[in-house]
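Results of the structural survey
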Amino acid sequence: MFNSRTKIKALLSSEQTGQEVTVMGWVRSFRNNQFIALNDGSTNNNIQVVAELGLLDDATLKRITPGASLKVVGQLIESLGKGQKVEVKAKNIEILGDCDPEKYPLQLKNRPTLEYLREKAHLRFRTNTFGAVFRVRHSLAFAVHKFFNDKGFVYLHTPIITSSDAEGAGEMFRVTTLPFDKTPRKEDGTVDFAEDFFGKSTNLTVSGQLEGELGAMAFSDIYTFGPTFRAENSNTTRHLAEFWMIEPEMAFYDIEDNMNLAEEFIKYIIKHAIEHNADDIAFLAQRLADEEKQLPQDKRSEFGLVEKLEFVLNNPFERITYTEAVDILLQSPAYKKKKFEYDVSWGIDLQSEHERYLVEKHFKKPVIVTGYPKAIKAFYMRQNDDGKTVAAMDILAPGIGEIVGGSQREERLEKLEERMREMHIPVEDLDWYLDTRRFGAVPHAGFGLGFERMVLFVTGMTNIRDVIAFARTPNNCEF
Ligand code: 4AD
Ligand code: MG
């Protein structure tokens with residue numbers, strides 16, 4: 001009867017004591033042959049199990065080591081010791097699984113580094129840091145669904161395998177069953193994908209947006225939330241080859257409606273996490289503060305994690321145009337003192353150092369930048385009347401840089417086709433997409449939120465590999 005157990009989080013907040021309880025979990029520590037700190041992942045707080053002297057024989061005592069799993073039956077009592085309200089006075093302790101202390105990778109004298117734990121990612125959920133990170137991640141994911149569900153959006157599952165490049169950037173992982181040694185070739189020597197599994201060239205999706213737009217043209221409001229894949233060779237603390245993205249798409253929305261929704265959405269999910277994961281966020285705030293103590297004064301953040309999140313909740317995001325952003329950069333002391341690695345002029349793609357200057361030094365809050373030059377943005381974005389810019393919006397967050405990319409979409413068929421030809425997007429292959437502009441086209445808009453970048457922001461972690469269970473990055477696909 002395993003299911004009659006009570007989770008530790010519930011036990012710790014129990015109003016009642018005296019009753020018999022069953023608790024199961026993994027040993028975090030064992031002191032004085034009597035006090036076991038047990039954890040089951042429901043919270044970072046352990047329950048103290050007291051095994052009175054004489055309850056267990058020597059052989060069993062030796063097997064209670066960090067990482068071993070136990071089933072404990074006992075009485076929930078008010079704690080005699082400091083630091084916890086209740087504890088379990090054990091009547092029976094059963095060892096479910098031993099854990100050899102000589103071999104257990106988390107059995108370390110010193111606190112393991114995040115780098116070390118990345119290599120032990122299969123066990124790192126058992127640490128306080130990763131316990132907190134992944135419970136917060138869960139909570140944010142739940143809030144995403146709640147936010148859109150409450151607004152009447154339809155959750156659309158867009159395909160993972162596609163034959164189109166939604167961003168037109170050519171950063172795709174190919175999907176094929178063709179043999180490498182005997183690749184079928186056409187007369188001109190190119191690979192004959194007619195022989196491939198789907199009878200055409202296919203890849204993993206970089207974005208569900210194009211299919212999302214089809215949904216919005218029927219349901220009005222949809223969102224996708226799924227894995228996306230990018231074969232961009234960026235080995236940074238902000239890029240993954242496999243990441244999760246939330247992409248809402250709304251009919252009858254212009255760029256301003258789009259910005260309003262994105263800002264409301266981001267604030268909503270942060271608030272949800274603060275309300276439902278206060279313990280975990282407090283733990284992560286302390287972790288960050290401890291980590292920053294190692295840094296020189298000028299590298300430390302002005303605010304703690306909790307203050308930063310509260311600040312974001314309580315203040316409107318700054319909204320500026322790309323042209324204004326470039327002007328601010330050109331006027332900045334950083335630019336004048338040649339502190340930027342990349343040059344600044346109208347037309348450049350803002351580099352992460354520029355984005356970070358804007359949010360961290362200049363505005364000190366999230367910034368929404370609109371009206372980017374059309375040359376640096378995707379083919380589907382709506383062209384502004386100036387002929388130079390598009391109705392794009394990126395949201396930049398302190399410490400992260402770009403967290404959202406979105407736009408109002410080009411709903412005018414001729415303009416869209418013209419832009420696709422200019423950008424060498426295969427118009428014939430996307431004929432189905434163009435149908436939305438042929439049959440009852442409407443102004444519409446949408447955006448994509450990089451989920452891991454959001455989790456970074458809320459947890460205060462600094463490397464994106466630490467907020468996804470098993471990171472996929474160039475030269476790394478373990479587990
Ligand atoms: O700006 P992106 O490329 O926009 C799109 O894919 C649009 N189709 C979204 C839309 O309008 N529906 O990506 C959106 C967001 C970025 O702002 C960033 O947060 C995240 O996805 N992102 C990544 N996150 C982790 N690793 C990567 N390699 C990422 N590339 C983009
Ligand atoms: Mg982008």
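Here goes a summary of the coordinates provided. The structure displayed is predicted, hence computed values, not measured ones.

The rules behind each value
- Numbers given for residues are sequential positions, taken from 1 along each chain in its written order.
- Naming scheme: in the order in which they are written, chains are lettered from A and ligands are numbered from 1.
- Residue-level local features of this predicted model are given only where pLDDT is at least 70; pairs of side-chain atoms are given and counted only at 80 or more, and the full residue set underlies all totals for whole chains, interfaces and linings.
- The side-chain numbers reported here are obtained from all heavy atoms of the structure, hydrogens and water having been left aside.
- Helix and strand labels come from DSSP, where a helix needs a run of H or I of at least four residues and a strand needs a run of E of at least two; each type is numbered from the N terminus.
- Relative accessibility decides the category of a residue: with a 1.4 Å probe and only protein chains considered, values under 20% of the type maximum give buried, values over 50% give exposed, and everything between is partly exposed.
- The contact criterion used throughout is that any non-hydrogen atoms of two residues lie within 4.5 Å.
- For the purpose of counting charges, residues Lys and Arg are taken to be positive, whereas Asp and Glu are taken to be negative. His and the chain ends are not included.
- To locate a charge, take NZ of a lysine, CZ of an arginine, CG of an aspartate or CD of a glutamate.
- Think of it this way: a Phe, Tyr or Trp ring, Trp meaning its six-membered ring, pairs with another when their centres are within 6.5 Å, and the plane angle makes it stacked under 30 degrees, edge-to-face over 60, tilted otherwise.
- Criterion for a charge above a ring: Arg CZ or Lys NZ at most 6 Å from the ring centre, at most 35 degrees from the ring normal.
- Any two strands between which DSSP finds at least two bridges are classified as paired.
- Proximity criterion: a residue is near a molecule or strand once any of its heavy atoms comes within 4 Å of it.
- Per-residue and other accessible areas were derived by the Shrake-Rupley procedure at a 1.4 Å probe size, with only the shown protein chains allowed to occlude residues.
- Only one rule defines a salt bridge in this text: a Lys or Arg side-chain nitrogen within 4 Å of an Asp or Glu carboxyl oxygen.
- Any pair of N or O atoms that falls within 3.5 Å is considered a polar contact. Within protein, one atom must be able to donate a hydrogen and the other to accept it, and sequence-neighbouring residues count only if both atoms are side-chain atoms.
- Between N-to-C directions, angles span 0 to 180 degrees; the directions come from axes that are lines fitted to C-alpha atoms, helices contributing only their stretch in contact.

**Some remarks on the overall build of the protein chain**
Scanning the protein chain from N- to C-terminus turns up 14 helices and 16 strands. By principal-axis analysis of the C-alpha atoms, the protein chain measures approximately 85 × 60 × 45 Å. Expressed as a percentage of the 479 residues in the protein chain, the buried residues total 50%. Taking the contacts inside the protein chain whose residues are at least 6 apart along the sequence as the reference set, 68% of them involve residues at least 24 apart. Taking the 60 positively charged and 72 negatively charged side chains of the protein chain as two groups, their mean positions are separated by 6 Å.

**A look at the packing of aromatic side chains**
Tallied over the full model, the rule gives 22 aromatic pairs. Note on Phe-225 and Phe-451: the rings are 5.1 Å apart at their centroids and 70 degrees apart in plane angle, and the pair reads as edge-to-face. In this pair, Phe-225 sits in strand β10 (residues 221-229) while Phe-451 sits in helix α14 (residues 451-459), placing the two residues 226 residues apart along the sequence. Per residue, the accessibility class of Phe-225 equals that of Phe-451, and both read buried. Look at Phe-340 and Tyr-357: their rings are 5.8 Å apart centre to centre, the planes differ by 90 degrees, and that puts the pair in the edge-to-face class. With Phe-340 in the loop between α10 (333-336) and α11 (352-363) and Tyr-357 in helix α11, this pair connects stretches of sequence that are 17 residues apart. Classification of Tyr-357 by relative accessible area gives buried; the value is 13%. An aromatic cluster is defined as three or more aromatic residues linked by ring pairs; in this entry it consists of Phe-147, Phe-148, Phe-153, Tyr-155, Tyr-223, Phe-265, Tyr-268 and Phe-447. Positioned above the aromatic ring of Tyr-372 is the side chain of Lys-377, whose terminal nitrogen or guanidinium carbon lies 4.3 Å from the ring centre. The residue whose ring lies beneath Lys-388 is Trp-346, and the NZ or CZ to ring-centre distance is 5.0 Å.

**Topic: the pairing of strand β3 (residues 47-50)**
Residue alternation in β3 divides its side chains into two sets, Ile-47 and Val-49 and Gln-48 and Val-50, and both sets are buried. Sheet analysis places strand β2 (residues 35-39) next to β3, joined by four bridges and oriented antiparallel. When the bridges of β3 are listed, Leu-38 appears paired with Ile-47. Of the pairings in the sheet, the one linking β3 to strand β5 (residues 86-97) comprises three bridges and is parallel in character. Across the sheet, the residue bridging to Val-50 is Lys-89, located in β5.

**Some details on the site of ligand 1**
Lining the immediate environment of ligand 1, one finds 24 residues, of which Glu-167, Gln-209, Arg-230, Glu-247 and Glu-402 sit closest. Taken by itself ligand 1 offers 630 Å² of open surface, and the protein chains cover 93% of this. Residue assignment for the shell around ligand 1 shows that the elements contributing at least two residues are β11 (242-251), β15 (401-408) and β16 (444-450). When residues in the shell around ligand 1 are grouped by element, the largest group, five residues, is from β15.

**Re the side chain of Arg-238**
Positionally, Arg-238 belongs in the loop between β10 and β11. Nearest to the buried, unbridged Arg-238 among oppositely charged side chains is Glu-360, at 6.8 Å. Only 3.0 Å separates the side chain of Arg-238 from the backbone oxygen of Thr-462, close enough to count as a polar contact. When residues no more than four places from it in sequence are discounted, the contact partners of Arg-238 are Arg-356, Gly-399, Ile-400, Arg-453, Leu-456, Thr-462 and Ile-464.

**Considerations on the sheet that holds strand β13 (residues 367-373)**
Here we have eight strands laid out as an open sheet, ordered β6-β10-β11-β16-β15-β14-β13-β12, and mixed in their pairing. Edge positions in the sheet fall to β6 (154-155) and β12 (318-321), since each has one partner strand and no second. Relative to β11, β10 runs antiparallel, the two being bridged by nine bridges. Bridge assignment links Thr-224 to a residue of β11, and that residue is Glu-247. Set on the sheet, helix α9 (residues 322-331) makes contact with β12 and β13; between it and β12 the angle comes to about 90 degrees.

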